Each structure stands twice: as C-alpha cells, then as structure tokens.
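Residue strings, one per chain:
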Amino acid sequence: MHDVISSLFLNYTFLIVIIGTSIIGSVAGSLGVFAVLRRQSLLGDCIAHAALPGICIAFLISVSKQSWTLLAGAIVAGVIGALLLHLIQEYSELKRDAALGIILSVFFGFGLVLLTYIQSQEISEQSGLNVYLFGNAATLLRNDIYVMGSLGIVVILFLILFWKEFKVVSFDKDFASTLGFPQKRIDFFITFLTVISIVVGLQAVGVVLMSALIIAPAVAARQWTDQLYKMVMLSALFGILSSVSGVIISSLYEKMPTGPVIVIMVSIIVVISLFFAPKRGIFVSYIRHINQKLTIHSDRVLLNLYQFSEVQKDPTFAHDITVLDFVGEGSTLSILNKLKNKKLVYNPRNGYWGLSIKGVKYVKNLLKETKNA
Amino acid sequence: MIENKALITVNDLTVAYKEKPVLWDIDVEIPKGVLLSVVGPNGAGKTTLIKAMLGLIKPAAGTVSFFGQNYKRVRKKIAYIPQRNSVDWDFPTTVIDVVLMGRYGHLGWFSRPGVTDYELAKKALEKVGMEDFFDRQINQLSGGQQQRIFLARALVQDAEIYFMDEPFVGVDIATEKAIVNLLKLLRSDGKTVIVVHHDLQTLKEYFDWVLLLNVRKIACGPVKKVLTPKNLQLTYGGRTFNIGKDVALNLDLD
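Residues numbered from 1 in each chain as written. Chains lettered and ligands numbered in written order. Predicted model: local features only at pLDDT ≥ 70, side-chain atom pairs only at ≥ 80, totals over all residues. Heavy atoms only, no water.

Student: I tried to follow the overall build of chain B on my own but got confused; where do I start?
Tutor: Each helix and strand in chain B was counted, giving eleven helices and ten strands. Here the C-alpha atoms of chain B give a radius of gyration of 19 Å, agreeing with the 18 Å that 2.2 N^0.38 yields for 254 residues. Taking the principal axes of the C-alpha coordinates as reference, chain B spans close to 55 × 45 × 40 Å. The 254 residues of chain B split such that 52% are buried. (Helix = DSSP H or I, 4+ residues; strand = E, 2+ residues; numbered from the N terminus. Rg over C-alpha atoms; globule rule 2.2 N^0.38 Å. Buried < 20%, exposed > 50% of the residue type's maximum accessible area, 1.4 Å probe, protein only.)

In structure tokens form, the structure reads like this:
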C-alpha cells in the first residue's frame, strides 16, 4: 500500500491529477466560504446541476472534448441558471427553496436527456462525456490543468482584489449599499465567481456532488476560527486535503469514481470539526455544559450546608447526609466526595458532613458574587 | 433654484409592495440640527421610509433630496445604522473590523483601511464605551454591545446626517442612556439625527422633533407642537383605546 502511494506520486500523470484536484479544492473551498456566509449553500448545488446541459450543448456544437469549450458551456449554463433563479425570486411569489429546486431539476433533467442523446449518437468522441456526472480525476490531462489553473488564479485574484467589498456585502448588504457599493452587482459577481469555481471541478468531481466541495470545507472551517481570512484559508486547505486524499484513495481501486470518495473525505473533516473543534464543537460544548451543571449542583450543596449551619452558629457544623439528600436533587454523596477532594467539606463520621474553613470562605464569596450580579 | 431652508426634503414619496401601498404621498421637510424621531404603529412604514430615503428601496413615486442634492452625490455625509437584527452576528469577524467598515465608503474601491482608519475606529469605540472590546468576536456581544458597535461604525463615517433604525430594541437601560447621550452630543455638534422609535413614553425626553407616521404622514414638527391627542389618535387610529393608558401618560404635555 505504501509503495503504491509513493509510486503514484512519482508518476507524471498522477502528479497532473494531484495538481488539478488541489486547484479544485482550494478554489471551491475559498469561494464556498462566501456561499455559506451569505446563506446560499444550496445555490452551489443548483449551479453545479445546471451546468450539465451547458457541457452537452458545447460538445454538440464543437464535437470536441476540449476543456475550454466544455467549461465555457458549463459557465454559460451556470450563469443562466443563476440569472433565472434571480428572476424567479424577483418576479414571482415562489420561495427560494422552491425556485432552487425548479432550476436544479429542470436543468439537470435536460442535461441528462442531452447526455443520453449524445451517447446514442455515432460520434467517436462521445465516450467519456459521462464522467461529468460523478467525476473522474484520472481523465485530467495537462491541458485541463492549464485551463483550470488559469480560471482558478483569476477567481482567487478577484477574491483578493474585492476582499473588502465582498466582506461588507456579505456581512451587511444594506449598509454596504449606503456606502456606495452596488450591493446587487457585487452579490451577483460573487455568484459568478462561485459558478467558475464549481465549473473548474466538474470533470474531476462531477455535477452531482460538486456542491459538497463548495459547502462542506467552509462549514468545517467555520468551526475552527472566528476570522474571515483564516476561515477562507482553512476552507481552502480542507478542500485540498479532501480532494487530494479522495483522488489517491479512488485511484487505488479500479473504476472507482472520484466524486463520491472526495465527498466521503470532506464529510469526515466536517464530522470531526462539528464534534471536536474547540469553542464551537458539539463535544466541547457538551462537556462545558456538564461541567457547568456539576458546578451549580455542588454550589447548591455547599450553600445548603452553610444555611443549615446558620442555626447552629458554627458554620462548620457537620450534618446528617439524609437531610442534605432531602433538600438536594440526589447524588449528593458523590458530589460531597468530590468536594472533599477539593477540601471544601469534611466528614468527621460516617454519614455526617460539614463545611471546612475553606468551604465557608468559598460560600461567602459565592453569596457576595450573586449579590453583586 | 429657490432657497430652501430644509436640510432634507421628501416630496410625494410613495412606496408599494406588490399592489399594497406602504407609504403614501409623504411630504416632509427636516431642518438641520434636529433630533427627529419617526413614530407610528407596527406596519406604519417607518423602516420603509428611511430605507426609501436612502435608496435601499425603490419608491413608486416621489423624490428625496439632501442638502438640495440627490442622495447619491452626498452619500458620504450620511450614515445609516440598520436594525441590529438585520445582520448575522455569528459572522466571523471582530469588533474593530465591523467598526472599520464605516471607513469603507471614504476609502472607495480596492484600498484597505490604514493606520488613521484604525485610530478613528478606536476613538469611536471609546465614545461608545467599548474600547476594551476591540479584538472581541462579534458573536460574544450582548444586544446592547452590538448596538454600540453599530453606532461606532456610523461615527467613523464622520457624517452630517445619521439614520438609526430602532436602536433601543433589546438593549439594556445603560446602553439606551449612552446612545441617547451620544445622539444629543451629535445634535449639539450641528448634526441631524433621524431615529425610528416606537416608545411613546420616552419620546419627549429623548427627541426634540417627531414625525408621526401611519402609511401617510400625520404630522411632523417639534415634539411639543405635534404630539397632540388628536394627532396621536390619527396615528394610532382605533388602537388608541387599546393603548389608552400609554397615550394618557404621553398626553401629559405641559
């Protein structure tokens, strides 16, 4: 297995594939951040599906599988899809999700019809056009890399150039518009760049699953950082990691399509991020929640001890645990044992517990804090 | 052109969503240096009015002019503070970054904020009492703090006219007082402040001018002159009976 991988990296064609998928992952990852932050995650899915008829029509017109022509067709179809979506939303009562669903299914359906038609024709070049459904990174050639690379560089350059404008429009579009930035045009420009970054990945990842590479790395990246530029860089990194590892794994098995494997890889990154990221992770916040609950419970036990002792005039007086259990919410014994470890309580004889001097101080502090709050 | 004393002039402004008019034939003249509150019941078109004045909503008819000019030519002199809840406070950014956005209009396309912009932003944060929060994530802020940094973002715009949409909704008393004090400071600097507001109780205390609105303009002028039982009845319509107590409190005019 190890030998297989190292020999893969030495292989020239495989190097091409790795470079190609790295471009796809980084471009999709960075643009995906803006799609996710502008709550347009599903737009990516819609555009990717909408690109299929564009690819087919470009092929039918040119009868060649030149990347430039096919990608140009995909871009045109993607842009038309996005424009129609905009028009439906502007001029009809349809909700956004319904509009997305309509565009996606109509374009994709039409694309499938065209694809089937092309495959039924006696065109020598037609074989291999169906890689655009689920993607096959192995079909990437040097020429494809040039095309993808130049498109990718253009997208990233625009992202850097318009960074401030994209940021303010994504955060507060009305405000951006009062500053004199044409919010709608900038919004559509971001969508246009998203179309390009999707189209770049279609050959290797496929129209069906390309949207995952737009959405998932950004979602994962959001978990780890609270800063936009860091989120973009992390998202690009996650995009590269998942697409490269997906390509390597899928190349180990014959006829394994790349798209699904890449999606599995990116899903693993998302799941790990959702659960284990510091601050935002589900796991971490669950632990924080439990800790908080424990603190509240033990604070209450200490407070109860203190209040019982007020009758006795000795704050460290030891009480019968049954009384504490009666006013508490159960599991008092385990809480008391933990408090004993912290030296906040003592138990002079079995079943009897009292505050230590340290415990008395702690409770007095607690009472002072709650008074101030 | 005829000499016009009003700083802001709204002429025959009408806005409609689908066929339903939201604002009908509004004529308003606002002089320089007032603290104006736009008041009216829910659905009266308060937010729509300021959005239409700022060109965020396209009116069906009518014109708005600032300093006798079209909004687009003087937008740098006008700052807008949207409703706090109109943005996603989980957006990955820091307090200082949000305040710096107020400089973006002056910076224009492509150029990035520099040292002077940072200094201005920090000063604005000091004015709203948030200087210790400059590198804080915005998702850690309370409602009042969010409103304060929105105000700071408007302050760095160094404008002549300030529009605020419901700045007192969901903020603590301390923030409300702090905002009011800042607004009064702005007014004493000769700035004009227009605030969408809906608390009749505090109207007299906070503002010197009021625009009573309910789809149509009911009245606009100095609070003491305009806030009459009749005008309130016209603004709130039949609902006067429901809010009878509130109105009665506010009718306690000298």
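After presenting the structure, the write-up continues.
Student: Explanation requested: unusual backbone geometry in the structure shown.
Tutor: Note: most residues except glycine have negative phi, and most peptide bonds are trans. Residue Lys279(A) is not a glycine yet carries a positive backbone phi of 75°. Relative to the helices and strands, Lys279(A) is located in the loop between helix H13 (258-276) and helix H14 (282-312). For Asp158(B), which is not glycine, the phi dihedral falls at a positive 50°. On the basis of relative accessibility, which here comes to 55%, the residue Asp158(B) falls in the exposed class.

Student: Explain the pattern of salt bridges here, please?
Tutor: Opposite charge on two side chains makes pairing possible when the charged atoms of those side chains draw close. All names here are of chain A. Counting across every chain of the model gives 16 salt bridges over all chains. A salt bridge links Lys 184 to Glu 90; the shortest N-O distance between them is 3.7 Å. Residue Lys 184 is located in helix H10 (residues 183-205), and its partner Glu 90 is located in helix H4 (residues 67-91); the two are separated by 94 residues in the primary sequence. The exposure class of Lys 184 is exposed, given its relative accessible area of 53%. Overall, Glu 90 belongs to the partly exposed group, its relative accessible area being 38%. A salt bridge links Arg 280 to Asp 226, with the nearest nitrogen and oxygen atoms 3.8 Å apart. Here Asp 226 lies in the loop between helix H11 (210-224) and helix H12 (228-251) and Arg 280 lies in the loop between H13 and H14, a separation of 54 residues in the sequence. Taking the relative accessible area as the measure of exposure, Asp 226 reaches 11% and is therefore buried. (Salt bridge = Lys/Arg side-chain N within 4 Å of Asp/Glu carboxyl O.)

Student: Where do I start with the interface of chain A and chain B in this structure?
Tutor: The interface is formed by 29 residues belonging to chain A together with 34 residues belonging to chain B. Across the interface of chain A and chain B, roughly 3000 Å² is buried in total on both sides, 60% from carbon and sulfur atoms. Remark: the boundary between chain A and chain B carries six salt bridges. Of all elements in the fold, only helix H7 (142-161), helix H8 (163-171), helix H9 (173-178) and H12 of chain A reach the threshold of two or more residues within the side of chain A that touches chain B. (Contact = heavy atoms within 4.5 Å. Buried area = accessible area lost by both parts, 1.4 Å probe.)

Student: I'm lost on H14(A) in this one. Help?
Tutor: Since the α-helix turns once every 3.6 residues, residues separated by three or four places project in the same direction. All names here are of chain A. The terminal C-alpha atoms of H14 lie 46 Å apart, and with 31 residues this matches the ideal 45 Å at 1.5 Å per residue to within 8%. Ser 298, Asp 299, Val 301, Leu 302, Asn 304, Leu 305, Tyr 306 and Ser 309 are the residues of H14 that are buried. Of the residues one or two after H14, Lys 313 is the one with positive phi, at around 65°. (Expected span 1.5 Å × (residues − 1).)

Student: Is there a simple way to think about the sheet that holds strand S5 (residues 69-70) of chain B in this case?
Tutor: Consider a sheet: its strands pair through backbone hydrogen bonds, and that pairing is either parallel or antiparallel. Residue and element names in this part refer to chain B. Spatially, four strands are ordered S2-S1-S4-S5 in an open sheet, and the strand pairing comes out antiparallel. The strands lining the two open edges of the sheet, one partner per strand, are strand S2 (20-30) and S5. Sheet analysis places strand S1 (residues 8-17) next to strand S4 (residues 61-66), joined by five bridges and oriented antiparallel. Paired with Thr 14 across the bridge in S4 is Ala 61. The strands touched by helix H1 (residues 46-53) are S1, S2 and S4; relative to S1, the strand with the most contacts, the crossing angle is about 120°. (Pairing = 2+ DSSP bridges. Axes fitted to C-alpha atoms, helices over the stretch in contact; angles between N-to-C directions.)

Student: I keep staring at the environment of Pro182(A) and nothing clicks. Help me out?
Tutor: Relative to the helices and strands, Pro182(A) is located in the loop between H9 and H10. Each C-alpha atom, one on Pro182(A) and one on Glu165(A), is 9.6 Å from the other, the two residues being 17 residues apart in sequence.

Student: So what exactly am I meant to see when it comes to the sheet that holds strand S10 (residues 216-222) of chain B here?
Tutor: Residues and elements named next belong to chain B. Judged by pairing direction, the sheet is mixed, and its six strands sit side by side in the order S6-S7-S8-S3-S9-S10 without closing on themselves. If you trace the sheet from one side to the other, it starts and ends with strand S6 (78-81) and S10, each paired once. In this sheet, neighbouring strand axes are inclined to one another by 15° on average, regardless of whether the strands run parallel or antiparallel. In the sheet, strand S9 (residues 209-214) pairs with S10 via six bridges, with the strands oriented antiparallel. Note on S10: the bridge partner recorded for Trp 209 is Pro 222. Relative to the sheet, helix H6 (residues 143-155) contacts S6 and strand S7 (161-165), its axis offset from that of S6 by approximately 165°.

Student: Is there a simple way to think about the packing of H10(A) against H11(A) in this case?
Tutor: Residue and element names in this part refer to chain A. Across the interface, H10 lies against H11 with an axial gap of 8 Å and an inter-helix angle of 125°. Taken together, the axis directions place H10 and H11 in an arrangement best described as oblique. At the point where H10 passes H11, the crossing takes the right-handed sense. Between H10 and H11, the residues in contact are Thr 194, Ser 197, Ile 198, Gly 201, Leu 202 and Val 205 and Met 210, Leu 213 and Ile 214, respectively. Residues that form the contact of H10 with H11 fall into these classes: six nonpolar, three polar and no charged. (Parallel < 35°, antiparallel > 145°, perpendicular 65-115°, else oblique. Left-handed = near helix turned anticlockwise from the far one by under 90°. Nonpolar A, V, L, I, M, F, W, Y, C, P; charged D, E, K, R; others polar.)

Student: Please clarify how the pairing of S1(B) should be interpreted in this entry.
Tutor: Looking along a regular strand, one sees side chains alternate from face to face of the sheet. All names here are of chain B. Sheet analysis places S1 next to S2, joined by seven bridges and oriented antiparallel. The residue bridging Thr 9 from the neighbouring strand is Glu 29, located in S2. In textbook terms, the turn of a hairpin is the stretch between consecutive antiparallel strands, and for S1 and S2 this stretch comprises two residues, one of which, Lys 18, has a positive phi near 55°.

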